[in-house]
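# Geometric and topological summary
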Amino acid sequence: MANNTRVSFVKAFEVLDSRGYPTIEMSLGLADGTVASVAVPAGASTGKYEAIESRDNDTARYEGKGVLHAIANVTDIIAPALTGLMADDQPAIDAVLLELDGTENKQRLGANAIVGTSLACARAAAQSHGVELYEYLGGHEAHVLPVPMFNVLNGGKHAPDGSDIQEFKLVPLGASTFREALRFGAETYHALHDVLHDAGAPTTVGDEGGFAPSFASNAAYLDVLMQAIERAGYRPGEQIAIGLDPAATTFFHHNEYVLHRDAHRLSTDEMIDYWADWLKHYPIISLEDPLAEEEWDGFQRLTSRLGKKVQIIGDDIFVTNKKFLQRGIDTGCCTGILIKPNQIGTVTETLETAKIAQQAGYACLVSHRSGETLDTSIADLAVALNCGQIKSGAPARGERVAKYNRLLHIEATLGDRAVFAGRAAFPRAGAA
Ligand code: PGA
Ligand code: ZN
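Residues numbered from 1 in each chain as written. Chains lettered and ligands numbered in written order. Predicted model: local features only at pLDDT ≥ 70, side-chain atom pairs only at ≥ 80, totals over all residues. Heavy atoms only, no water.

### Structural notes on the environment of Val205
As for its position among the elements, Val205 is in the loop between helix 5 (178-198) and helix 6 (219-231). By relative accessible area, Val205 is classed as partly exposed at 30%. Sequence separation between Val205 and Lys403 is 198 residues; the distance between their C-alpha atoms is 19 Å. For Val205, the contacting residues outside a window of four places in its chain are Tyr189, Gly210, Phe211 and Arg397. (Helix = DSSP H or I, 4+ residues; strand = E, 2+ residues; numbered from the N terminus. Buried < 20%, exposed > 50% of the residue type's maximum accessible area, 1.4 Å probe, protein only. Contact = heavy atoms within 4.5 Å.)

Below, the structure is given as structure tokens:
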């Protein structure tokens, strides 16, 4: 059958995400009979300037988090406009979506409705052309398997009884393949379970599948992480390093960083000192959102002080938006960016932001959201960008491992062409 990528239908359904809140699942059909399905994730520690997802605010359903309006937007507005367009002209599809929405932050149709449609077009087009999604998005050059960052201790908004720090991640950069990196991570996750259990700490988990014990200081979480790496038989720093996402916006109140676990209230410069001290004592190679999203001057000072020792990733401060990223590049804020398609809303804009980052020598860390589904598009996106880094939570829980398992398949499909990014993904890793 000759491929004909004209859109024939777009349908959306309300389903649940991994936290038990509603989200959108979409299926998009093409004239040649191709049908592609995608599902949309949702964040909890969202950046202020993220594209806005549409929620019903009808408190009689799902605490107001229903997505029936967003689905109606797909059915009544998006589907009629897209029907007949070529799904494999992604820039044209996304331009239509932006025009239909017409707002700066996608609030009319909803970023959830828009990103679902945009991704569904990409997926359908790839299927119709008989190529894998990573190849469709990245071309024949796409061949680098990312270093996974496993969030094995959850805190902040993802586990309110845990650390103030949202994410403590294992970064198995010393592995030689993705398959081996996944094993390093899973074994250490299990060793961490045993370290916690032996210490009498609970082994219940947070939103991203990492453990969420209550300790008397934030540094205590790093200590159990180090013990777990050693207990699993790995050399900290050399084989498995540590990545952090404090998500500092979530504990920044009235111009102070309020660390409950440490009973500390810190100024911006004291917060920078705090991270500098941790870098001296632990093999930390990646530090995301170490300051609050509005603290551009603080980010500049932090980057000039620590940016050669550790990768500084901007999430809430950049929100995958090229405008904020460019400001960061121009002013020396951060050395990398988190890439979340639903934070900006379309595939085209996501690829554009990543390209600008890479051209400026900024690292790209492709990321899931804390509310996830079994959709694996971000795994393909990481390979498409050859960016060498991905975070998808713990190496446990179906919605988290779906992405890692997809990467196993991609690695196998690429065969000899597959290259595992390893330590080369972290040119600023001075910790080992
Ligand atoms: P979110 O968290 O998906 O809840 O926004 C992820 C992150 O902060 O990186
Ligand atoms: Zn983050």
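Still more to cover.
### Brief notes about the site of ligand 1
Taken together, 14 residues are adjacent to ligand 1, and Ala44, His158, Arg369, Ser370 and Lys391 come closest. Between ligand 1 and the protein, one listed contact pairs an oxygen atom with a backbone N or O atom of Ser45 at 2.9 Å. Between ligand 1 and the protein, one listed contact pairs an oxygen atom with a side-chain N or O atom of Lys340 at 3.4 Å. If ligand 1 stood free it would expose 280 Å²; the protein chains cover 100% of that surface. The residue inventory of the shell around ligand 1, partitioned by class, reads 2 nonpolar, 5 polar and 7 charged. (Near = heavy atom within 4 Å. Polar contact = N/O pair within 3.5 Å; in protein donor to acceptor, adjacent residues only side chain to side chain. Areas by Shrake-Rupley, 256 points an atom, 1.4 Å probe, with all protein chains shown as cover. Nonpolar A, V, L, I, M, F, W, Y, C, P; charged D, E, K, R; others polar.)

### A few points about the sheet that holds strand 3 (residues 35-39)
In space, the 3 strands of this open sheet follow the order 1-2-3, with antiparallel pairing throughout. Either end of the sheet is taken by a strand with one partner, and the two such strands are strand 1 (7-16) and strand 3. Neighbour-to-neighbour, the strand axes of the sheet open up by a mean angle of 20°, direction not taken into account. The sheet contacts of helix 1 (residues 68-82) involve strand 1 and strand 2 (22-30), and relative to strand 1 the element is tilted by about 175°. Here helix 3 (residues 111-129) sits on the sheet and contacts strand 2 and strand 3; the angle it forms with strand 2, its principal contact strand, is near 35°. (Pairing = 2+ DSSP bridges. Axes fitted to C-alpha atoms, helices over the stretch in contact; angles between N-to-C directions.)

### Observations concerning the coordination of the zinc ion (ligand 2)
Protein-derived ligands of the zinc ion (ligand 2) are Asp245 (OD), Glu288 (OE) and Asp315 (OD), with the metal-ligand distances lying across 2.1 to 2.2 Å. Sequence spacing among the residues donating to the zinc ion (ligand 2) works out to D-x42-E-x26-D. Residue Glu288 is found in strand 11 (residues 284-288), and its partner Asp315 is found in the loop between strand 12 (311-314) and helix 9 (322-331); the two are separated by 27 residues along the sequence. Neither residue differs from the other here; Glu288 and Asp315 are each classed as buried. (Donors = N, O, S within 2.8 Å, 3.2 Å for Na, K, Ca; no water.)

### A closer look at the packing of aromatic side chains
Evaluated as defined, the whole model comprises 13 aromatic pairs. Each ring, one from Tyr189 and one from Phe211, has its centre 4.7 Å from the other, and the planes form 15°; the classification is stacked. With Tyr189 in helix 5 and Phe211 in the loop between helix 5 and helix 6, this pair connects stretches of sequence that are 22 residues apart. Pair check on accessibility: Tyr189 and Phe211 agree, each one buried. (Phe/Tyr/Trp six-rings, centres within 6.5 Å; stacked < 30°, edge-to-face > 60°.)

### As for the pattern of salt bridges
Here the structure, examined in full by the defined rule, presents 26 salt bridges. Glu256 is the partner of Arg265 in a salt bridge, and the nearest nitrogen-oxygen pair spans 2.9 Å. Classification of Arg265 as exposed rests on a relative accessible area of 52%. The partner of Arg305 in a salt bridge is Asp273, with the nearest N and O atoms 2.7 Å apart. Here Asp273 lies in helix 7 (residues 268-281) and Arg305 lies in helix 8 (residues 296-306), a separation of 32 residues in the sequence. When its relative accessible area of 42% is taken as the criterion, Arg305 is described as partly exposed. Asp273 sits in the partly exposed class, given a relative accessible area of 39%. In the salt-bridge network here, residues are joined through shared partners; they are Glu167, Lys169, Asp245, Glu288 and Lys391. (Salt bridge = Lys/Arg side-chain N within 4 Å of Asp/Glu carboxyl O.)

### Side note on the pairing of strand 7 (residues 241-245)
With 5 of 5 residues buried, strand 7 lies mostly within the body of the structure. Across the two faces of strand 7 the burial is the same, with Ala241, Gly243 and Asp245 and Ile242 and Leu244 all buried. Pairing between strand 6 (residues 167-171) and strand 7: 5 bridges, direction antiparallel. Bridge pairing in strand 7 links Lys169 to Gly243. Pairing between strand 7 and strand 11: 3 bridges, direction parallel. The residue bridging Gly243 from the neighbouring strand is Ser286, located in strand 11.

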